[in-house]
Amino acid sequence: MRRWGIATIVVVLSTLLMLSGCSDGEEQAKQPDVLKVADVDEMNFYSMYGDYLNAVYPNTQIQFISANDASDYRVSFEERAKRWKQLIQNEQPDLIVLRDSETYHVLADEGLLSDLTPYMKSSGVAEQIHPGVLELMNQNRDSLPYGMATVFSASKLYYNEDLFREYGIDLPHDGMTWEELLQLAYRFTAASASADAPIGYYQSYSGPMELSMQVAGTEGLSMYRLNTGKVTLDTTAWQQVFHTVLSHYKDGTFRSFTPEGKVSTDGTTYYDQEATISADWFSKGRAAMTIGYYGSFSNVKFKLGSVNPPVDTSTRSRSGDFYANHVLAVRAGSSKAQAVWGFIDFMVSDYVAKVSAQQANDFGVPSRISYGQFTKNEAAAGLYKQMPAITPPDDRTGIDTSFYDGFYSMIKQEISDTLADKQSEEAMLKRMQEQGQQLLDAAKAKEQKK
(Lines give C-alpha, C1' and ligand atoms only; values in the text may rest on other atoms or scores of the structure.)
Protein backbone atom coordinates (compact mmCIF):
# COMPACT_ATOMS: atom_id res chain seq x y z
CA MET A 1 0.00 0.00 0.00
CA ARG A 2 1.44 3.40 -0.98
CA ARG A 3 1.64 5.75 2.01
CA TRP A 4 2.01 9.49 1.97
CA GLY A 5 5.01 10.63 3.99
CA ILE A 6 4.73 12.09 7.46
CA ALA A 7 6.10 15.41 6.23
CA THR A 8 3.26 15.75 3.72
CA ILE A 9 0.70 15.20 6.44
CA VAL A 10 2.34 17.60 8.86
CA VAL A 11 2.38 20.46 6.30
CA VAL A 12 -1.40 20.73 6.29
CA LEU A 13 -2.10 19.56 9.83
CA SER A 14 -1.93 22.97 11.50
CA THR A 15 -4.24 24.47 8.89
CA LEU A 16 -6.61 21.55 9.24
CA LEU A 17 -6.85 21.97 13.00
CA MET A 18 -7.58 25.69 12.64
CA LEU A 19 -10.35 24.97 10.15
CA SER A 20 -11.87 22.08 12.09
CA GLY A 21 -14.29 24.29 14.00
CA CYS A 22 -13.69 22.42 17.27
CA SER A 23 -14.20 24.56 20.36
CA ASP A 24 -11.63 22.44 22.12
CA GLY A 25 -9.09 22.67 19.30
CA GLU A 26 -6.27 24.03 21.43
CA GLU A 27 -6.73 21.35 24.03
CA GLN A 28 -6.95 18.65 21.37
CA ALA A 29 -3.69 19.77 19.79
CA LYS A 30 -1.87 19.67 23.13
CA GLN A 31 0.61 16.85 22.88
CA PRO A 32 0.79 14.22 25.62
CA ASP A 33 4.25 13.05 26.62
CA VAL A 34 3.20 9.40 26.50
CA LEU A 35 0.18 7.74 24.91
CA LYS A 36 -0.58 4.12 25.73
CA VAL A 37 -2.12 2.20 22.85
CA ALA A 38 -3.67 -1.29 22.98
CA ASP A 39 -4.07 -3.21 19.73
CA VAL A 40 -3.75 -6.77 18.48
CA ASP A 41 -0.74 -6.32 16.23
CA GLU A 42 1.92 -3.60 16.49
CA MET A 43 3.04 -3.78 12.86
CA ASN A 44 -0.55 -3.55 11.61
CA PHE A 45 -1.27 -0.64 13.95
CA TYR A 46 1.65 1.40 12.65
CA SER A 47 0.82 0.47 9.05
CA MET A 48 -2.74 1.71 9.44
CA TYR A 49 -2.38 4.58 11.92
CA GLY A 50 1.31 5.20 12.59
CA ASP A 51 2.01 8.02 10.10
CA TYR A 52 -1.13 9.85 11.11
CA LEU A 53 -0.52 9.51 14.84
CA ASN A 54 3.03 10.79 14.45
CA ALA A 55 1.70 13.70 12.42
CA VAL A 56 -0.87 14.68 15.04
CA TYR A 57 1.49 14.23 17.98
CA PRO A 58 5.07 14.15 16.59
CA ASN A 59 6.73 14.51 20.01
CA THR A 60 4.59 11.95 21.81
CA GLN A 61 6.06 8.62 22.86
CA ILE A 62 3.78 5.72 21.92
CA GLN A 63 3.74 2.89 24.43
CA PHE A 64 2.30 -0.10 22.60
CA ILE A 65 0.38 -2.75 24.56
CA SER A 66 -0.17 -6.03 22.73
CA ALA A 67 -3.70 -7.40 22.87
CA ASN A 68 -2.78 -10.48 20.86
CA ASP A 69 -3.52 -12.86 23.73
CA ALA A 70 -6.89 -11.21 24.31
CA SER A 71 -7.78 -11.75 20.65
CA ASP A 72 -6.80 -15.42 20.42
CA TYR A 73 -9.58 -16.97 18.35
CA ARG A 74 -8.58 -20.45 19.47
CA VAL A 75 -10.38 -19.78 22.74
CA SER A 76 -14.06 -19.03 23.31
CA PHE A 77 -15.48 -15.56 22.87
CA GLU A 78 -16.25 -15.51 26.58
CA GLU A 79 -12.58 -16.08 27.37
CA ARG A 80 -11.47 -13.43 24.88
CA ALA A 81 -13.83 -10.88 26.41
CA LYS A 82 -12.49 -11.73 29.87
CA ARG A 83 -8.89 -11.24 28.71
CA TRP A 84 -9.72 -7.88 27.14
CA LYS A 85 -11.29 -6.66 30.38
CA GLN A 86 -8.26 -7.76 32.36
CA LEU A 87 -5.87 -6.10 29.92
CA ILE A 88 -7.70 -2.77 30.10
CA GLN A 89 -7.93 -2.85 33.88
CA ASN A 90 -4.29 -3.86 34.36
CA GLU A 91 -2.54 -1.88 31.61
CA GLN A 92 -4.76 1.23 31.53
CA PRO A 93 -4.34 2.05 27.83
CA ASP A 94 -5.49 5.47 26.61
CA LEU A 95 -6.32 4.53 23.01
CA ILE A 96 -7.95 1.14 22.40
CA VAL A 97 -8.10 -0.33 18.89
CA LEU A 98 -10.76 -3.01 18.44
CA ARG A 99 -10.91 -5.22 15.37
CA ASP A 100 -14.31 -6.87 15.86
CA SER A 101 -17.70 -5.43 16.70
CA GLU A 102 -18.61 -8.02 19.32
CA THR A 103 -15.68 -7.13 21.57
CA TYR A 104 -16.49 -3.45 21.11
CA HIS A 105 -20.08 -3.95 22.27
CA VAL A 106 -19.03 -6.03 25.29
CA LEU A 107 -16.45 -3.51 26.48
CA ALA A 108 -18.89 -0.64 25.94
CA ASP A 109 -21.61 -2.39 27.92
CA GLU A 110 -19.13 -3.12 30.71
CA GLY A 111 -18.39 0.60 31.09
CA LEU A 112 -14.73 0.28 30.06
CA LEU A 113 -14.97 2.76 27.17
CA SER A 114 -15.75 6.49 27.18
CA ASP A 115 -18.96 7.85 25.71
CA LEU A 116 -17.88 9.94 22.72
CA THR A 117 -21.13 11.94 22.50
CA PRO A 118 -19.75 15.15 24.11
CA TYR A 119 -16.70 15.16 21.82
CA MET A 120 -18.75 14.47 18.72
CA LYS A 121 -21.21 17.26 19.54
CA SER A 122 -18.36 19.70 20.11
CA SER A 123 -16.70 18.91 16.79
CA GLY A 124 -19.89 18.43 14.76
CA VAL A 125 -18.27 15.37 13.17
CA ALA A 126 -21.37 13.15 13.39
CA GLU A 127 -22.96 14.96 10.44
CA GLN A 128 -19.94 14.06 8.31
CA ILE A 129 -19.86 10.34 9.08
CA HIS A 130 -21.69 7.59 7.18
CA PRO A 131 -25.01 7.20 9.07
CA GLY A 132 -24.68 3.43 8.80
CA VAL A 133 -21.37 3.54 10.64
CA LEU A 134 -22.87 5.72 13.38
CA GLU A 135 -25.77 3.31 13.69
CA LEU A 136 -23.40 0.40 14.27
CA MET A 137 -21.40 2.40 16.81
CA ASN A 138 -24.63 3.08 18.73
CA GLN A 139 -25.72 -0.55 18.93
CA ASN A 140 -24.93 -0.74 22.63
CA ARG A 141 -27.02 -1.21 25.74
CA ASP A 142 -27.70 2.52 26.11
CA SER A 143 -27.54 3.40 22.37
CA LEU A 144 -24.50 5.68 22.75
CA PRO A 145 -21.25 5.79 20.73
CA TYR A 146 -18.31 4.41 22.70
CA GLY A 147 -16.01 4.22 19.70
CA MET A 148 -15.56 5.42 16.16
CA ALA A 149 -14.90 3.23 13.14
CA THR A 150 -12.54 5.14 10.87
CA VAL A 151 -13.33 2.82 7.96
CA PHE A 152 -16.10 0.45 6.94
CA SER A 153 -16.45 -2.40 4.46
CA ALA A 154 -19.41 -3.01 2.20
CA SER A 155 -20.17 -5.24 -0.76
CA LYS A 156 -21.21 -4.52 -4.33
CA LEU A 157 -23.16 -6.55 -6.85
CA TYR A 158 -20.72 -6.97 -9.73
CA TYR A 159 -21.90 -7.94 -13.20
CA ASN A 160 -20.47 -8.87 -16.57
CA GLU A 161 -21.98 -6.25 -18.85
CA ASP A 162 -20.82 -8.10 -21.97
CA LEU A 163 -22.90 -11.16 -21.06
CA PHE A 164 -26.00 -9.08 -20.35
CA ARG A 165 -25.67 -7.36 -23.72
CA GLU A 166 -25.06 -10.65 -25.53
CA TYR A 167 -28.20 -12.26 -24.10
CA GLY A 168 -30.33 -9.11 -24.28
CA ILE A 169 -31.07 -9.14 -20.56
CA ASP A 170 -31.72 -6.00 -18.53
CA LEU A 171 -28.79 -4.83 -16.43
CA PRO A 172 -29.06 -5.07 -12.63
CA HIS A 173 -29.77 -1.87 -10.70
CA ASP A 174 -29.67 -0.47 -7.18
CA GLY A 175 -32.52 -1.39 -4.86
CA MET A 176 -33.17 -4.96 -6.01
CA THR A 177 -34.29 -7.55 -3.47
CA TRP A 178 -32.79 -11.03 -3.44
CA GLU A 179 -35.88 -12.43 -5.15
CA GLU A 180 -35.55 -9.86 -7.93
CA LEU A 181 -31.84 -10.61 -8.32
CA LEU A 182 -32.44 -14.35 -8.58
CA GLN A 183 -35.29 -13.82 -11.04
CA LEU A 184 -32.86 -11.81 -13.16
CA ALA A 185 -30.29 -14.59 -12.85
CA TYR A 186 -32.87 -17.18 -13.95
CA ARG A 187 -33.22 -15.43 -17.30
CA PHE A 188 -29.76 -16.75 -18.22
CA THR A 189 -30.86 -20.28 -17.39
CA ALA A 190 -34.02 -19.82 -19.47
CA ALA A 191 -32.02 -18.37 -22.38
CA SER A 192 -29.94 -21.51 -23.00
CA ALA A 193 -30.10 -25.15 -21.95
CA SER A 194 -26.48 -25.76 -22.94
CA ALA A 195 -24.19 -27.02 -20.19
CA ASP A 196 -21.56 -24.55 -21.39
CA ALA A 197 -23.88 -21.55 -21.18
CA PRO A 198 -23.18 -18.95 -18.47
CA ILE A 199 -25.18 -18.92 -15.28
CA GLY A 200 -26.84 -15.80 -13.96
CA TYR A 201 -25.42 -15.70 -10.44
CA TYR A 202 -22.51 -17.42 -8.77
CA GLN A 203 -20.80 -17.12 -5.39
CA SER A 204 -17.57 -18.94 -4.61
CA TYR A 205 -17.80 -21.62 -1.92
CA SER A 206 -21.52 -21.01 -1.54
CA GLY A 207 -24.25 -23.63 -1.48
CA PRO A 208 -27.95 -23.51 -0.53
CA MET A 209 -27.26 -23.07 3.19
CA GLU A 210 -24.72 -20.28 2.69
CA LEU A 211 -26.98 -18.44 0.24
CA SER A 212 -29.94 -18.78 2.62
CA MET A 213 -27.88 -17.24 5.40
CA GLN A 214 -26.78 -14.43 3.09
CA VAL A 215 -30.38 -13.64 2.13
CA ALA A 216 -31.45 -13.81 5.77
CA GLY A 217 -28.61 -11.50 6.77
CA THR A 218 -29.95 -8.87 4.40
CA GLU A 219 -33.37 -9.21 6.04
CA GLY A 220 -31.85 -8.92 9.52
CA LEU A 221 -32.77 -12.49 10.50
CA SER A 222 -30.88 -14.80 12.85
CA MET A 223 -31.20 -18.55 13.17
CA TYR A 224 -30.94 -18.28 16.95
CA ARG A 225 -30.67 -15.78 19.76
CA LEU A 226 -28.08 -16.90 22.27
CA ASN A 227 -29.02 -14.26 24.83
CA THR A 228 -32.52 -15.73 25.09
CA GLY A 229 -31.49 -19.34 24.42
CA LYS A 230 -34.02 -19.68 21.59
CA VAL A 231 -33.78 -21.02 18.04
CA THR A 232 -35.82 -18.81 15.71
CA LEU A 233 -36.18 -20.81 12.48
CA ASP A 234 -39.82 -21.87 12.38
CA THR A 235 -41.13 -18.45 11.35
CA THR A 236 -42.85 -16.94 8.33
CA ALA A 237 -39.78 -14.83 7.55
CA TRP A 238 -37.42 -17.82 7.48
CA GLN A 239 -39.97 -19.81 5.51
CA GLN A 240 -39.87 -17.12 2.80
CA VAL A 241 -36.05 -17.08 2.77
CA PHE A 242 -35.73 -20.83 2.33
CA HIS A 243 -38.50 -20.94 -0.25
CA THR A 244 -36.79 -18.22 -2.30
CA VAL A 245 -33.43 -20.00 -2.29
CA LEU A 246 -34.55 -23.61 -2.63
CA SER A 247 -37.04 -22.91 -5.41
CA HIS A 248 -34.30 -21.27 -7.46
CA TYR A 249 -31.97 -24.21 -6.87
CA LYS A 250 -34.67 -26.57 -8.10
CA ASP A 251 -35.42 -24.38 -11.12
CA GLY A 252 -31.76 -24.42 -12.15
CA THR A 253 -31.13 -20.72 -11.66
CA PHE A 254 -27.58 -21.54 -10.62
CA ARG A 255 -25.42 -24.45 -9.70
CA SER A 256 -23.08 -24.90 -6.76
CA PHE A 257 -19.52 -25.26 -7.98
CA THR A 258 -17.25 -26.27 -5.13
CA PRO A 259 -13.64 -27.00 -6.10
CA GLU A 260 -12.00 -30.23 -5.12
CA GLY A 261 -10.17 -29.60 -1.88
CA LYS A 262 -7.01 -31.19 -0.56
CA VAL A 263 -6.80 -33.07 2.73
CA SER A 264 -4.07 -32.24 5.24
CA THR A 265 -2.37 -34.77 7.51
CA ASP A 266 -4.84 -34.02 10.33
CA GLY A 267 -7.80 -34.74 8.06
CA THR A 268 -8.78 -31.10 7.44
CA THR A 269 -9.95 -30.19 3.95
CA TYR A 270 -8.36 -27.05 2.55
CA TYR A 271 -8.35 -25.18 -0.75
CA ASP A 272 -5.09 -23.97 -2.25
CA GLN A 273 -4.67 -21.07 -4.67
CA GLU A 274 -5.22 -23.31 -7.69
CA ALA A 275 -8.54 -24.53 -6.34
CA THR A 276 -9.60 -21.00 -5.47
CA ILE A 277 -8.85 -19.73 -8.96
CA SER A 278 -10.69 -22.66 -10.56
CA ALA A 279 -13.76 -21.83 -8.48
CA ASP A 280 -13.99 -18.19 -9.57
CA TRP A 281 -16.57 -18.61 -12.30
CA PHE A 282 -17.38 -14.90 -12.40
CA SER A 283 -13.80 -13.84 -13.20
CA LYS A 284 -13.67 -16.56 -15.87
CA GLY A 285 -16.67 -14.96 -17.59
CA ARG A 286 -18.97 -17.93 -16.97
CA ALA A 287 -21.30 -16.18 -14.52
CA ALA A 288 -23.15 -12.92 -15.10
CA MET A 289 -23.29 -11.66 -11.50
CA THR A 290 -21.60 -12.11 -8.15
CA ILE A 291 -21.27 -10.22 -4.88
CA GLY A 292 -17.90 -9.08 -3.59
CA TYR A 293 -16.43 -6.39 -1.42
CA TYR A 294 -15.71 -2.99 -2.93
CA GLY A 295 -12.49 -3.12 -4.91
CA SER A 296 -12.82 -6.72 -6.07
CA PHE A 297 -12.44 -7.91 -9.67
CA SER A 298 -10.16 -5.17 -10.98
CA ASN A 299 -8.40 -7.33 -13.59
CA VAL A 300 -11.21 -9.11 -15.46
CA LYS A 301 -11.22 -9.32 -19.26
CA PHE A 302 -14.81 -8.14 -19.75
CA LYS A 303 -16.68 -4.89 -19.17
CA LEU A 304 -17.28 -4.81 -15.44
CA GLY A 305 -20.26 -3.08 -13.90
CA SER A 306 -21.44 -2.76 -10.33
CA VAL A 307 -24.44 -1.62 -8.33
CA ASN A 308 -25.32 -1.84 -4.68
CA PRO A 309 -26.14 -5.34 -3.37
CA PRO A 310 -29.65 -6.67 -2.69
CA VAL A 311 -31.74 -4.81 -0.12
CA ASP A 312 -34.28 -5.98 2.46
CA THR A 313 -37.88 -6.28 1.34
CA SER A 314 -39.39 -4.06 4.06
CA THR A 315 -37.37 -0.84 3.71
CA ARG A 316 -35.49 -1.47 0.44
CA SER A 317 -32.55 0.44 1.88
CA ARG A 318 -30.60 -2.03 4.01
CA SER A 319 -28.00 -4.51 2.78
CA GLY A 320 -25.98 -7.33 4.26
CA ASP A 321 -22.17 -7.47 4.37
CA PHE A 322 -21.86 -3.98 5.81
CA TYR A 323 -19.33 -3.88 8.64
CA ALA A 324 -17.52 -1.27 10.72
CA ASN A 325 -15.05 -3.40 12.65
CA HIS A 326 -11.96 -1.17 12.94
CA VAL A 327 -12.99 0.85 15.99
CA LEU A 328 -10.95 3.45 17.87
CA ALA A 329 -12.03 3.98 21.47
CA VAL A 330 -11.01 5.95 24.55
CA ARG A 331 -10.61 4.08 27.82
CA ALA A 332 -13.08 5.29 30.40
CA GLY A 333 -11.22 7.36 32.97
CA SER A 334 -8.15 8.04 30.84
CA SER A 335 -6.41 11.32 31.70
CA LYS A 336 -5.45 11.58 28.02
CA ALA A 337 -9.05 11.36 26.77
CA GLN A 338 -9.01 14.74 25.04
CA ALA A 339 -5.77 13.95 23.25
CA VAL A 340 -7.06 10.54 22.13
CA TRP A 341 -10.23 12.13 20.80
CA GLY A 342 -8.08 14.64 18.90
CA PHE A 343 -6.47 11.75 17.05
CA ILE A 344 -9.78 9.98 16.40
CA ASP A 345 -11.29 13.21 15.10
CA PHE A 346 -8.35 13.62 12.71
CA MET A 347 -8.72 10.04 11.46
CA VAL A 348 -12.29 10.79 10.31
CA SER A 349 -11.40 14.18 8.84
CA ASP A 350 -11.73 15.43 5.26
CA TYR A 351 -7.98 15.42 4.97
CA VAL A 352 -7.55 11.72 5.74
CA ALA A 353 -10.48 10.93 3.42
CA LYS A 354 -8.75 12.85 0.63
CA VAL A 355 -5.43 11.10 1.24
CA SER A 356 -7.23 7.73 1.19
CA ALA A 357 -8.80 8.56 -2.17
CA GLN A 358 -5.33 8.85 -3.70
CA GLN A 359 -3.80 5.65 -2.40
CA ALA A 360 -4.56 1.95 -2.42
CA ASN A 361 -6.15 1.04 0.90
CA ASP A 362 -6.73 -2.56 1.92
CA PHE A 363 -8.28 -1.73 5.28
CA GLY A 364 -11.66 -0.41 4.13
CA VAL A 365 -13.43 2.70 2.92
CA PRO A 366 -13.23 5.90 5.02
CA SER A 367 -16.27 6.57 7.19
CA ARG A 368 -16.08 10.25 6.22
CA ILE A 369 -18.79 10.87 3.61
CA SER A 370 -16.60 13.27 1.63
CA TYR A 371 -14.52 10.31 0.42
CA GLY A 372 -17.24 9.67 -2.15
CA GLN A 373 -16.50 13.10 -3.64
CA PHE A 374 -12.71 12.79 -3.56
CA THR A 375 -12.40 9.38 -5.20
CA LYS A 376 -12.59 8.97 -8.96
CA ASN A 377 -14.29 5.59 -8.60
CA GLU A 378 -18.02 6.04 -9.13
CA ALA A 379 -18.73 2.72 -7.42
CA ALA A 380 -17.44 4.15 -4.13
CA ALA A 381 -20.07 6.89 -4.04
CA GLY A 382 -22.80 4.27 -3.98
CA LEU A 383 -21.39 2.78 -0.77
CA TYR A 384 -22.57 5.85 1.14
CA LYS A 385 -26.15 5.16 0.05
CA GLN A 386 -26.10 1.75 1.73
CA MET A 387 -27.36 1.13 5.24
CA PRO A 388 -26.52 -1.98 7.28
CA ALA A 389 -29.09 -4.68 7.93
CA ILE A 390 -30.68 -4.38 11.37
CA THR A 391 -29.49 -7.37 13.37
CA PRO A 392 -29.32 -6.68 17.12
CA PRO A 393 -26.06 -7.78 18.81
CA ASP A 394 -26.22 -11.16 20.50
CA ASP A 395 -24.47 -12.42 23.62
CA ARG A 396 -22.10 -15.23 22.67
CA THR A 397 -21.05 -16.03 26.22
CA GLY A 398 -22.37 -19.01 28.18
CA ILE A 399 -22.42 -21.53 25.33
CA ASP A 400 -20.07 -24.38 24.47
CA THR A 401 -18.45 -23.78 21.08
CA SER A 402 -19.27 -27.32 19.93
CA PHE A 403 -22.79 -26.02 19.27
CA TYR A 404 -21.87 -24.31 15.99
CA ASP A 405 -20.47 -27.30 14.08
CA GLY A 406 -23.36 -29.52 15.09
CA PHE A 407 -25.96 -26.87 14.34
CA TYR A 408 -24.78 -25.97 10.84
CA SER A 409 -24.18 -29.61 9.90
CA MET A 410 -27.79 -30.28 10.83
CA ILE A 411 -29.03 -27.31 8.77
CA LYS A 412 -27.05 -28.42 5.73
CA GLN A 413 -28.41 -31.98 5.96
CA GLU A 414 -32.03 -30.84 6.28
CA ILE A 415 -31.67 -28.58 3.25
CA SER A 416 -30.10 -31.43 1.28
CA ASP A 417 -33.02 -33.73 2.13
CA THR A 418 -35.51 -31.08 1.05
CA LEU A 419 -33.79 -30.50 -2.29
CA ALA A 420 -33.88 -34.27 -2.81
CA ASP A 421 -37.67 -34.15 -2.23
CA LYS A 422 -37.40 -36.29 0.89
CA GLN A 423 -39.43 -33.77 2.87
CA SER A 424 -41.42 -30.57 2.41
CA GLU A 425 -40.11 -27.11 3.25
CA GLU A 426 -42.62 -26.93 6.10
CA ALA A 427 -41.38 -30.21 7.57
CA MET A 428 -37.79 -29.05 7.13
CA LEU A 429 -38.38 -25.90 9.17
CA LYS A 430 -40.03 -27.81 12.00
CA ARG A 431 -37.20 -30.34 12.13
CA MET A 432 -34.60 -27.56 12.07
CA GLN A 433 -36.38 -25.79 14.92
CA GLU A 434 -36.68 -28.89 17.09
CA GLN A 435 -33.17 -30.23 16.49
CA GLY A 436 -31.61 -26.78 16.74
CA GLN A 437 -33.25 -26.10 20.09
CA GLN A 438 -32.04 -29.43 21.44
CA LEU A 439 -28.47 -28.64 20.33
CA LEU A 440 -28.61 -25.16 21.85
CA ASP A 441 -29.99 -26.41 25.17
CA ALA A 442 -27.30 -29.09 25.34
CA ALA A 443 -24.52 -26.60 24.55
CA LYS A 444 -25.69 -24.22 27.27
CA ALA A 445 -25.91 -27.05 29.80
CA LYS A 446 -22.43 -28.26 28.84
CA GLU A 447 -20.95 -24.79 29.33
CA GLN A 448 -22.58 -24.42 32.75
CA LYS A 449 -20.91 -27.62 33.95
CA LYS A 450 -17.43 -26.35 33.17
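Predicted, not measured: the structure shown is a model, and the values here were computed from it. (Residues numbered from 1 in each chain as written. Predicted model: local features only at pLDDT ≥ 70, side-chain atom pairs only at ≥ 80, totals over all residues. Heavy atoms only, no water.)

1. Topic: unusual backbone geometry
Here comes step 1: One non-glycine residue with positive phi stands out, namely Ser143, at about 55°.
Here comes step 2: Inspection of the secondary structure puts Ser143 in the loop between helix H7 (131–137) and strand E4 (148–149).
Here comes step 3: In the Ramachandran plot, Asp421 falls in the positive-phi region, its phi being about 60° despite a non-glycine side chain.
Here comes step 4: Within the element layout of this structure, Asp421 appears in the loop between helix H17 (402–419) and helix H18 (425–448).
Here comes step 5: Of the residues examined, Asp421 reaches a relative accessible area of 61% and is grouped as exposed. (Helix = DSSP H or I, 4+ residues; strand = E, 2+ residues; numbered from the N terminus. Buried < 20%, exposed > 50% of the residue type's maximum accessible area, 1.4 Å probe, protein only.)

2. Observations concerning helix H3 (residues 42–56)
Here comes step 1: The largest bend in H3 comes to about 65°, at Tyr49.
Here comes step 2: Along H3, the positions that sit buried rather than exposed are Phe45, Met48, Tyr49, Gly50, Asp51, Tyr52, Leu53, Ala55 and Val56.
Here comes step 3: Its side-chain oxygen at 3.2 Å from the backbone nitrogen of Met43, Asp41 defines the N-terminal cap of H3. (Bend = angle between axes of the 7 residues up to and from the residue. Polar contact = N/O pair within 3.5 Å; in protein donor to acceptor, adjacent residues only side chain to side chain.)

3. As for the pattern of salt bridges
Here comes step 1: In the structure shown here, the tally under the stated rule is 16 salt bridges.
Here comes step 2: Residues Glu135 and Arg318 are paired through a salt bridge, measuring 2.7 Å at the closest nitrogen-oxygen approach. Here the residue Glu135 occupies a position in helix H7, and Arg318 occupies one in strand E14 (residues 318–319), the gap between them amounting to 183 residues.
Here comes step 3: Assessed through its relative accessible area of 23%, Glu135 is described here as partly exposed.
Here comes step 4: The partner of Asp170 in a salt bridge is Arg187, and the shortest N-O contact between them spans 3.6 Å. (Salt bridge = Lys/Arg side-chain N within 4 Å of Asp/Glu carboxyl O.)

4. Some details on the sheet that holds strand E1 (residues 34–39)
Here comes step 1: Spatially, the five strands line up as an open sheet ordered E2-E1-E3-E15-E4, and their pairing is mixed. Two strands close off the open sheet at either side, each with one partner strand: strand E2 (61–66) and E4.
Here comes step 2: Taken together, the six bridges between E1 and E2 define a ladder with parallel strand orientation. Each bridged residue has a counterpart across the sheet, and for Val34 the counterpart in E2 is Gln61.
Here comes step 3: In this fold helix H4 (residues 77–91) packs onto E1, E2 and strand E3 (95–98), with an angle of close to 165° to the strand it touches most, E3. (Pairing = 2+ DSSP bridges. Contact = heavy atoms within 4.5 Å. Axes fitted to C-alpha atoms, helices over the stretch in contact; angles between N-to-C directions.)

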